[in-house]
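Descriptive structure summary
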Amino acid sequence: MAVPLYLLILLVGVLCGESKFMVYNTSQSIVPGKLNVHLVPHTHDDVGWLKTVDQYYVGSNNSIQGACVQNVLDSVVPALLADKNRKFIYVEQAFFQRWWRDQSETVQSTVKQLVSSGQLELINGGMCMHDEAVPHYIDMIDQTTLGHRFIKEEFGITPRIGWQIDPFGHSAVQAYLLGAEVGFDSLFFGRIDYQDRAKRKAEKSLEVVWRGSKSLSSSAQIFAGAFPENYEPPKGFYFEVNDDSPVVQDDRNLFDYNVQDRVNDFVAAALSQANITRTNHIMWTMGTDFKYQYAHTWFRQMDKLIHYVNQDGRINALYSTPSIYTDAKYATNGSWPIKTKDFFPYADRVNAYWTGYFTSRPALKGYVRMMSGYYLAARQLEFFNGRSKSGPNTDSLGDALAIAQHHDAVSGTEKQHVADDYAKRLSIGYKEAEDLVAESLACLASKTGCQNAVTKFQQCPLLNISYCPPSEIDLSSGKKLVVVVYNSLGWTREDVLRIPVIDENVTVWDSSGQEIESQIIPISNGSLGIRNYYSAAYLGKAPSLSPAYWLAFSASVPPLGFSTYTISSAKRTAAASKRQTFYKSRGNKNDIVEVGPGNLKLVYSGNEGELTRYINNKRSVNASVQQSYSFYLAHDGSTDLEPQAAGAYIFRPNGSFSIKSERQQTLQVPLTVYRGPILDEVHQTINSWIYQITRVYKGKEHAEVEFTVGPIPIDDGIGKEIVTRISTNIKSNKTFYTDSSGRDFIERIRDYRADWSLQVNQPVAGNYYPINLGIYMKDTNTELSILVDRSVGGSSIVDGQVELMLHRRLLHDDSRGVAEALNETVCVHDECTGLTIQGKYYLRVDPQGEAAKWRRSFGQQIYSPFLLAFAEQDGDKWESSHVPTFSGVDASYSLPENVAMITLQELQDGKVLLRLAHLYEIEEDQDLSVMASVELKKLFPNKTISKISEMSLSANQERAEMLKKRLVWKVEGSNDVEPTVLRGRPIDPSELVVELAPMEIRTFSIDFNYKSSTSER
């Protein structure tokens, strides 16, 4: 066949032409004496935000956001294989584990090699990048442990670096607990207050040694760095497909050759950053949200930049990771500024304090907290009964809770459909854990063992809205209701139970068969309305009947155990609550109403229906206390040169208004009191959308305030944020205290920052702080403490006064990316109303110095409420086939009152994970801020410990090995020898006694040999 002449000519041209393939030199390492620019390729992948976690993973719903994490990981692996010098870091294990499960053995083997060589570094390592303001520290530990355990099992490594680049402010607990105590050598983050950042740039103090705990001090310090701007590359160095940064065009045969221009840009940006950074090492975070979906576009440009910048010679550029960067900083042997406390609150510019999200989506926050306490108890029962390989377990709930700690999840800063997705996952996880709990309790309660356990326990996840079908049964036919009450705390606990019943003629019997005192309280019409509406929203149908009463009785339950109570029909009624109603009048203004069946008395104005005094004669307290509601109008930003509205993230009030002024001036009913032998209740209708019940218990010395708020009216077209204020005569001198992630308490001073001279532009929002456990204030005589049942924002805007933000409903977006107003609604049969919130807070007044014990011990009770399970009984068969009580610890033992067991979990490999936490800080309490001891032989009386190893906080390495590897950083102005910090001694395997110093948490991996025992199940 003849070949045309023009094809021959073309072929010769191709064969003889010069190849233009370019090999870029990316092998450069650190060069002493030069400025080293560490290029850290990364992607920040939100575990839900604008799309759900699964939508982000598979890349669906792209009309909202074009993001596909699957593409990122699929793309990065071959890009790394193309050049052994390239590096990449990955953080979010919720995504990585989804991807890992989809890979072939060949790909998994390749990825393991990339991890082993350091090309792919798994840092931070939790299931998500958790928020630091609103999660509880136990949840932060649990979600980190889940991720770290997977990384250890699959790759045999332990993450070295904390990478909290996007949370909106940073907690002290993150630094010392989720940083140093998990074995991290450094912690990096992106968001600090704009005023703080400006000062740190000027002083070259963006990088510090952070000592977050005054109790653990230098023993739990960590090297920490805030980025100069955010977690993105310098301007002009974004290289995702369709990004507008100039690429490096190095082909001289094409137009727009720009190598020297790009090198000059690179050097200029590097020198600018070097001017605000100590040492000759700077980090460039080469990536941002959901980048590297086509990784080659990034690596191609970075290859060129490294090659040509190093040819230029003025500075040195290299592929790096935060681990390499940290080691380089450490090798300089420099001393670093010290940082204490935390980085709250956070503002990114004038009038833009990210303090609204401390309260945003309070229903989701409450649900997460409730599930967290349930998860802790369910894992204990799973341990006592033995983990099943085939039956229900707690894994699904653990996964759902882990994802919910993400900084756009429990924070409340996601789109509504994403918030719904988080709640759905929690509900699915709860259902499996609920089945596990029911099976475990049936096993533990059965006298004949698990194989013959037939009891079908039911539980009531909607008990908070008085919906509990198992307790709403007709007992008149002779049936009995059995209530098994489980206590997940390590000490005997007494508390009052309230369950809804349909008949007032009931009697309660305790575990020994003795009739005990009980009290009947009518359920208010408002509570029934909420019950019927929200149970219909939850179940899809309205309940068929409504209970008429709350049955209240006191339960006493042993540590890590249960007690059984039986409720039966009676010819006489339980102690009925006496009702008193006080009407507003123009009569004697000196009328008072005193409530409280025990030591604590609350005094109300009979005429105005308002709280006036708090009296506890046992503690010689007689304090003026008032409580009120107000709302802030949400600013719409319309008057700004740079518009800034209030939104899911940002709290920006535009005036405060007392809700009292909305009351009708006619004869309304401001106060209704129910009195009884166990508790008194004060019911107050504040207005048409706020209802409050205050409870004072006979055996308690605090007040419980249950609030129902919503739907917040928006008919005027203005969003509102609802606060409650508690006012006293305490001379607080601008000072108050809030917890850090439920752990340490940190001193706050109004309009003041210890690290810089604060320019006050938002006197309310700029003084708000996250509250997970509580807030308190004091003077030389008195302390006022308030504890909460979920994360809220709060402050002391006026001396002697504390305020909590309970609910928010807003009509504008705050321009931080979510692109949706925080206007939560509930729809039933296509009819939608604004969200109604029901929650609780707890109030107590003590002599100065005596309040810590209540805050710490009762704080544990709030986090770990009684777990209730219900069963029906015909006749007297129950007593003959069931044990009435159970305790997992020795009958003569309980944990010290300053220690909590925060984890007891049987893992899939049969090992048991145990965490013990000292609840007190140094000098917090005269008696309890001391070394505590836990006797493991008595904690596990029916089991023999064959091996015990103390682990890092996330249980992925032995603690002794972690301490050997830890980098010890020098602090400016300190001696080379730091004062010795009190810590518990290593555990003696023969004595098996665990010592805990104040604020210490110790984690153990335990192997058991089980004793033969008739009580063992």
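So, how was this worked out
- Residues numbered from 1 in each chain as written.
- Predicted model: local features only at pLDDT ≥ 70, side-chain atom pairs only at ≥ 80, totals over all residues.
- Heavy atoms only, no water.
- Phe/Tyr/Trp six-rings, centres within 6.5 Å; stacked < 30°, edge-to-face > 60°.
- Buried < 20%, exposed > 50% of the residue type's maximum accessible area, 1.4 Å probe, protein only.
- Helix = DSSP H or I, 4+ residues; strand = E, 2+ residues; numbered from the N terminus.
- Disulfide = S-S within 2.5 Å.
- Core = buried A, V, L, I, M, F, W, Y, C linked by side-chain atoms within 4.5 Å.
- Contact = heavy atoms within 4.5 Å.
- Pairing = 2+ DSSP bridges.
- Axes fitted to C-alpha atoms, helices over the stretch in contact; angles between N-to-C directions.
- pLDDT = per-residue confidence, 0-100.
- Polar contact = N/O pair within 3.5 Å; in protein donor to acceptor, adjacent residues only side chain to side chain.
- Parallel < 35°, antiparallel > 145°, perpendicular 65-115°, else oblique.
- Left-handed = near helix turned anticlockwise from the far one by under 90°.
- Salt bridge = Lys/Arg side-chain N within 4 Å of Asp/Glu carboxyl O.
- Expected span 1.5 Å × (residues − 1).
- Arc of directions from axis to C-beta.
- Nonpolar A, V, L, I, M, F, W, Y, C, P; charged D, E, K, R; others polar.

1. Concerning the packing of aromatic side chains
The tally for this structure, following the rule as stated, stands at 55 aromatic pairs. Judged by centre distance (6.2 Å) and plane angle (40°), the rings of Tyr90 and Phe96 are tilted. Residue Tyr90 is classed as buried on the basis of its relative accessible area, which comes to 1%. Under the relative-accessibility criterion, Phe96 is labelled buried at 1%. Chaining the aromatic ring pairs together yields one cluster made of Phe88, Phe237, Phe239, Phe266, Trp284, Tyr292, Trp298, Phe299 and Tyr319.

2. Considering unusual backbone geometry
A cis amide bond, omega -10°, links Phe344 with the succeeding residue Pro345. Relative to the helices and strands, Pro345 resides in the loop between β11 (338-340) and α12 (362-385). Omega for the peptide link from Gly710 to Pro711 comes to -10°, which places this bond in the cis form. Looking at where Pro711 falls in the secondary structure, it is placed in the loop between β29 (703-709) and β30 (720-728). Phi is positive for Lys734, which is not a glycine, with a value near 70°. Relative to the helices and strands, Lys734 is located in the loop between β30 and β31 (735-739). At Ser741, a position not held by glycine, the phi torsion is positive, near 55°.

3. Considering the state of the cysteines
Two cysteines joined by a covalent bond between their sulfur atoms form a disulfide. Going through the model one piece at a time under the given rule, you end up with 2 disulfides. Linked covalently through their sulfurs, Cys460 and Cys468 form a disulfide whose S-S length is 2.0 Å. Torsion about the S-S bond of the Cys460 and Cys468 cystine: about 60°, corresponding to right-handed handedness. Each member of the pair, Cys460 as well as Cys468, is classed as buried. Two residues, Cys827 and Cys832, share a disulfide whose sulfurs are 1.9 Å apart. Disulfide Cys827 to Cys832: torsion about the S-S bond roughly 105°, handedness right-handed. Between Cys68, a free cysteine, and Cys128, which holds the nearest cysteine sulfur, the sulfur-to-sulfur gap is 20 Å. Residue classification places Cys128 among the buried positions, given a relative accessible area of 1%.

4. Some points on the nonpolar core
Counting residues in each nonpolar core, the largest one holds 192 residues, and the members touching the most others are Phe96, Phe266, Tyr292, Val934, Leu936 and Phe940. Examining the composition of this core, we find that 13 residues originate from one element, helix α14 (residues 416-445), more than from any other. Setting aside residues no more than four positions away along its own chain, Phe266 makes contact with Val37, Leu39, Phe237, Trp284, Leu305, Val309, Ile315 and Ala317. Grouped together as the second largest cluster of nonpolar side chains are 39 residues, Ile138, Ala226, Ala900 and Ala917 included.

5. Section: the sheet that holds strand β4 (residues 161-164)
Within the open sheet, the 5 strands sit side by side as β4-β5-β7-β6-β11. Their pairing is mixed. Lying at the two open borders of the sheet, with one neighbouring strand each, are β4 and β11. The average angle at which neighbouring strand axes cross in this sheet is 30°, direction not considered. As paired strands, β4 and strand β5 (residues 186-189) are joined by 4 bridges and run parallel to one another. Bridged to Gly162 within β5 is Leu187.

6. Some remarks on the sheet that holds strand β9 (residues 316-319)
The pairing of strands in a sheet comes from backbone hydrogen bonds and takes either a parallel or an antiparallel form. Here we have 3 strands laid out as an open sheet, ordered β8-β1-β9, and parallel in their pairing. Since the sheet does not close on itself, it has two edges, and those belong to β8 (281-286) and β9, each with one partner. The average angle at which neighbouring strand axes cross in this sheet is 25°, direction not considered. Pairing between strand β1 (residues 36-41) and β9: 4 bridges, direction parallel.

7. Things to note about the confidence of the model for the protein chain
The share of residues in the protein chain with pLDDT of 70 or more is 95%, and the mean pLDDT across the chain is 93. This model gives residues 5-19 a pLDDT under 50, and the stretch forms 1 contact once residues within four places in sequence are excluded.

8. Notes on the environment of Ser219
Within the element layout of this structure, Ser219 appears in the loop between β6 (207-211) and β7 (222-226). Of the residues examined, Ser219 reaches a relative accessible area of 19% and is grouped as buried. Put simply, Ser219 and Gly609 are 390 residues apart on the chain and 52 Å apart in space, counted from C-alpha to C-alpha. Leave out the neighbours within four places in its chain, and Ser219 touches Glu181, Arg966, Val981 and Arg983. Side-chain polar atoms of Ser219 contact the side chain of Arg983, separated by 3.1 Å.

9. Observations concerning the packing of helix α3 (residues 69-81) against helix α5 (residues 105-117)
In helix packing, the relevant descriptors are the interaxial angle and the interaxial distance, both defined with respect to the helix axes. Where α3 contacts α5, the axes come no closer than 11 Å and their chain directions differ by 60°. Comparing the axis directions of α3 and α5 gives the class oblique. Helix-helix and strand crossings are classified by hand; for α3 and α5 the assignment is left-handed. Facing Val77, Leu80 and Leu81 of α3, the residues of α5 in contact are Thr110, Val111 and Leu114.

10. Quick look at the pattern of salt bridges
Scanning the entire structure with this criterion turns up 62 salt bridges. For Asp846, the salt bridge goes to Arg619, with nearest N and O atoms at 4.0 Å. Of this pair, Asp846 sits in strand β40 (residues 837-847) while Arg619 is found in the loop between β23 (611-616) and β24 (621-634), placing the two residues 227 residues apart along the sequence. Its relative accessible area of 0% is what places Asp846 among the buried residues. Its salt-bridge partner being Asp789, residue Arg790 comes within 3.0 Å of it at the nearest N-O pair. We note that Arg790, like Asp789, is buried. When salt bridges with common partners are traced through the structure, they connect Arg498, Glu681, Arg695, Glu704, Glu706 and Lys840 into a single cluster.

11. Points about helix α9 (residues 259-274)
Helix length check: α9 (16 residues) gives 22 Å between terminal C-alpha atoms against 22 Å at 1.5 Å per residue, within 8%. Residues Val259, Arg262, Val263, Phe266, Val267, Ala270, Gln273 and Ala274 constitute the buried set of α9. When α9 is viewed along its axis, its buried side chains cluster within an angular range of 135° and face the same direction. Looking at the packing, one finds that the buried side of α9 touches β1, β8, α10 (296-312) and β9.

12. Section: the packing of α12 against α14
In contact at an axis separation of 9 Å, α12 and α14 are set at 30° when each is read in the N-to-C sense. It follows from the interaxial angle that α12 and α14 lie roughly parallel. Considering only the axes of α12 and α14, their crossing is left-handed. By residue class, the composition of the contact of α12 with α14 is 19 nonpolar, 3 polar and 3 charged.

13. Section: the side chain of Asn316
One can find Asn316 in strand β9. For Asn316, a relative accessible area of 1% translates into the label buried. For Asn316, the side chain forms a polar contact with the side chain of Asn36, separated by 2.8 Å. Aside from chain neighbours lying at most four places away, what touches Asn316 is Gln28, Ser29, Ile30, Val31, Lys34, Leu35, Asn36, Val37 and Asn310.

14. Some details on the environment of Ala423
Secondary-structure assignment places Ala423 in helix α14. Spatially, the C-alpha atoms of Ala423 and Ala400 are 8.7 Å apart, while their sequence positions differ by 23 residues. Those residues in contact with Ala423, other than ones at most four positions away along the chain, are Leu364 and Tyr367.

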